[in-house]
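This is what each chain is made of:
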Amino acid sequence: MSSRTASVRPSPFRERRKAIVIVGVLAIVTGFFETATIVAIVAFIEGVTSGDLLWEVTTGPLDLAFDRSGLGLIALSALLGMTACQLVSTWATARATTGWQYQIQMRAIRGYMRTNWTIQSGETSGSLQNLMNLSAASTASLASLMALLSASGALVIFATGAFLASPLAAAVLVGTGALSMLALRPVRARSREATRVATIGQRAVTEEVGQIHDLAQEIRVHHVADTIEEALRQKSWDVRQDRRRAAIWTGAGSALYRSVGLAFLLMGAFVASGQEDLDVARIGVAGLLLLRGLGYGQRIQNSWQKLENNRPFIEQIGDAFELYERHTPKRGNQRIAELGPIELRDVSYTYGGEIHALRHVDVTLEPGETLGIVGPSGSGKSTLAQILLGLREPSSGTLLAAGMPAMDIDANDWYRRVTVVPQQPKLLRASVLDNILFYRPWIDEDEAIAAAKAAGLHEEILALSDGYDTTVGDAVRDLSGGQRQRLGIARALAGSPDLLVLDEPTSALDAMSEAQVQETLAQLKGSVTVVIIAHRLATLNHCDRLLVLEEGSVRALDTPAAVMAQNDFYRNAVEMQLVATHDGAS
Ligand SMILES: Nc1ncnc2c1ncn2[C@@H]1O[C@H](COP(=O)(O)OP(=O)(O)OP(=O)(O)O)[C@@H](O)[C@H]1O
Ligand SMILES: [Mg+2]
């Protein structure tokens, strides 16, 4: 099962392989130095006990002899070398892991911001934060991998050293490690499974907590805090149980490894003691290497387990990146001077393969034209608006602008010329001016003020305590619904767009503000292409043409007067509004 995921997804750490190789090589060198230190110490002790402080090495062509100071020098140099290697290794690990976390966080932000609107709008409010938090787990995994490598490097050298000193001891060393790791496989699997389940549970809790913030007002007025708390308590309790199980299995793995390792070591010592020709120095070297090797073996076991436990997090990150990046729209790089006519050619749109929101829509918008879109709730108006904005790509058919598919147009050119006033514009916690500019440095202050004037907001902004510098969007200084709406309009107008899409822009406004907005729209007429989704007759009367959508299909597309004559839905809506207005007046 594990090999399947491994083969589908390349190693998540391959971008850090340079650091991984460096740490691996340093581990081997460190192991070499440590072995040399151990050998020198044993030789020293043996020399002292036998009263003959001359250590001879005869291996193959080598025939060396070291006296006391020679041995001391070897031990000291090896010690220095070992320290240096470990310091460099620490530095390389720190560099790689912190760099890795930074890289993952940036990739999460970038992926989330660049992915298409369908994916992005389908995410829960906490999902990006969740990914940011998961980057810590991924970093921990990289650290574990590096720890695993350095311990393995040292162990390989120890095994070699032990083999030279005593083949039997080496067999014990390698056997101990391998058998203990093998014996603990079920324990690691349990630990990994419990961690995985806890991760999924935690993710559900995090996402639900995110919703609490989004729904804060509704939760209060419906007085359902107790129920939500109870549901969260149950889920958190389950997560706690899974975490506890994971912690126990992880701890047990570590403890068991030590015991099993020592047991194997004891057996090795027992077998060795039965040997005929005992060489004190060799046994000493092998024994010390075995003990140190056991420590490294334990580090391998711990790191391995951490690596396995963190795998669900890494998979979660990998899945999110894969999803975001696979759905990142590829826009072309055609530069355009102006948008020109905008054409929807046989456009259909289907949500999730089954909800047919738009069916074979054909319409061409001439520059400067004002098109009103009307239709019953759920008839596809907002979907059509999102297609015009380039937020959603048609499931079939094409959106054309400047004589080419809109997707071929350079993203900067497109989004500078196409803009929207949403139904409920959101505020940044920033000054009014920054709210109008909205991260677009190419718009200057005068343009922002002109846009505020056009949106009928200028006088009200001047009346605020610090005028355009007043911070809005926080608890102290919020704007009213109508002011927000007009700020949204100012934000859209500030960039001097060619196409302005308004999705029920006046639904939150009082009659006075609505009249102001209509006047603004009337002034824009001819200079900007306007697409406006509206229910109010007063707004629709300004339009050059009306498009009636019903069940995703175009039922009428003509001047308001002609549509009035042709289309029952529109005629009924108008008559009802006339009655309502009349009732309101009487
Ligand atoms: N994100 C979505 N996922 C799945 N289905 C959706 C989504 N958004 C809209 N729909 C469905 O697509 C259809 C058209 O929705 P749309 O929002 O375009 O209608 P609308 O005309 O704007 O309605 P309203 O006047 O109520 O705003 C509806 O059946 C709706 O349920
Ligand atoms: Mg809508």
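Residues numbered from 1 in each chain as written. Chains lettered and ligands numbered in written order. Predicted model: local features only at pLDDT ≥ 70, side-chain atom pairs only at ≥ 80, totals over all residues.

### Quick notes on the overall build of the protein
When you go through the protein residue by residue, the secondary structure sums to 20 helices and 14 strands. Taken over C-alpha atoms, the radius of gyration comes to 36 Å for the protein, far larger than the 25 Å a tight globule of 586 residues would show. The C-alpha extent of the protein, read off along each of the three principal axes, is 120 × 50 × 50 Å. With 586 residues in all, the protein has 37% of them scored as buried. (Helix = DSSP H or I, 4+ residues; strand = E, 2+ residues; numbered from the N terminus. Rg over C-alpha atoms; globule rule 2.2 N^0.38 Å. Buried ≥ 20, exposed ≤ 12 C-beta atoms within 10 Å, placed from the backbone.)

### Here we look at the domain arrangement of the protein
Domain assignment breaks the protein into domain 1 (91–326) and domain 2 (342–585). Placing a centre on the C-alpha atoms of domain 1 and another on those of domain 2 gives a separation of 51 Å. (Domains from an automatic or database assignment.)

### Some thoughts on the nonpolar core
Ile436, Ala451, Ala490, Val501, Val531 and Leu546 are the most contacted members of the largest nonpolar core, which has 67 residues in total. A total of 6 residues in this core trace back to one element, the largest contributor, which is helix H16 (residues 481–494). (Core = buried A, V, L, I, M, F, W, Y, C linked by C-beta atoms within 7 Å.)

### Observations regarding the packing of H16 against helix H17 (residues 511–524)
Where H16 contacts H17, the axes come no closer than 11 Å and their chain directions differ by 10 degrees. Between H16 and H17, the angle is such that the two are roughly parallel. Each of Gly482, Arg486 and Ile489 in H16 lies in contact with H17, whose residues at this interface are Ser513, Val517 and Thr520. The residue makeup of the contact of H16 with H17, split by class, is 2 nonpolar, 3 polar and 1 charged. (Axes fitted to C-alpha atoms, helices over the stretch in contact; angles between N-to-C directions. Parallel < 35°, antiparallel > 145°, perpendicular 65-115°, else oblique. Contact = placed C-beta atoms within 7 Å. Nonpolar A, V, L, I, M, F, W, Y, C, P; charged D, E, K, R; others polar.)

### Let's talk about the sheet that holds strand S4 (residues 355–365)
Pairing in this open sheet of 4 strands is antiparallel, and the strands run S4-S3-S6-S7 from one edge to the other. The sheet is open, and its two borders are formed by S4 and strand S7 (404–405), each paired with just one other strand. Summarising the sheet, strand S3 (residues 342–351) and S4 pair through 7 bridges and their orientation is antiparallel. When the sheet's bridge partners are listed, Leu344 is paired in S4 with Val363. (Pairing = 2+ DSSP bridges.)

### Some words on unusual backbone geometry
A positive phi angle is found at Ala402, which is not glycine, with a value near 50 degrees. Within the secondary structure, Ala402 is located in the loop between strand S6 (396–401) and S7.

### Some remarks on the site of ligand 1
Around ligand 1, the neighbouring residues are Tyr351, Gly352, Ile355, Ala357, Gly375, Ser377, Gly378, Ser379, Gly380, Lys381, Ser382 and Thr383. The set of elements that each furnish at least two residues to the shell around ligand 1 consists of S4 and helix H11 (381–388). With 3 residues, H11 is the single largest residue contributor to the shell around ligand 1. For the shell around ligand 1, a count of residues per class yields 3 nonpolar, 8 polar and 1 charged. (Near = placed C-beta within 6 Å.)

### Remarks on the pairing of strand S13 (residues 545–550)
Along a regular strand, successive side chains alternate from one face of the sheet to the other. Here strand S5 (residues 370–374) runs beside S13; their pairing, made up of 4 bridges, is parallel. Its bridge partner lying in S13, Val374 is registered against Val548. Where S13 and strand S14 (residues 553–558) come together, 5 bridges link them in antiparallel fashion. Looking across to S14, one finds that Leu549 is bridged to Val554. The turn linking S13 back onto S14 is made up of 2 residues, and Glu551 within it adopts a positive phi angle of 50 degrees.

### A word on the sheet that holds S14
With mixed pairing, 6 strands are arranged side by side in an open sheet as S8-S11-S12-S5-S13-S14. Sheet topology places strand S8 (418–421) and S14 at the edges, where each strand pairs with a single neighbour. In this sheet, neighbouring strand axes are inclined to one another by 20 degrees on average, regardless of whether the strands run parallel or antiparallel. With 5 bridges connecting them, strand S11 (residues 499–503) and strand S12 (residues 529–533) associate as parallel partners. Following the sheet pairing, Leu500 is matched in S12 by Val530. Along the sheet face, H16 touches S8 and S11 and points at about 175 degrees away from the line of S8.

### Brief notes about the environment of Glu46
Inspection of the secondary structure puts Glu46 in helix H2 (residues 17–50). Overall, Glu46 belongs to the partly exposed group, with 18 C-beta atoms counted inside 10 Å.

### Section: helix H14 (residues 445–454)
Count 3.6 residues to each turn of an α-helix, and residues three or four apart come out pointing the same way. Restricting attention to buried positions, one finds in H14 the residues Ala448, Ala451, Ala452 and Ala454. Projection of H14 onto a plane perpendicular to its axis shows the buried side chains occupying an angular sector of 160 degrees, all on one side. Away from its buried face by more than 90 degrees, H14 exposes Glu445 and Asp446. On its buried side, H14 packs onto helix H13 (432–437), helix H15 (458–462), H16 and H17. After H14 finishes, the residue Gly456 shows a positive phi value of roughly 70 degrees. (Arc of directions from axis to C-beta.)

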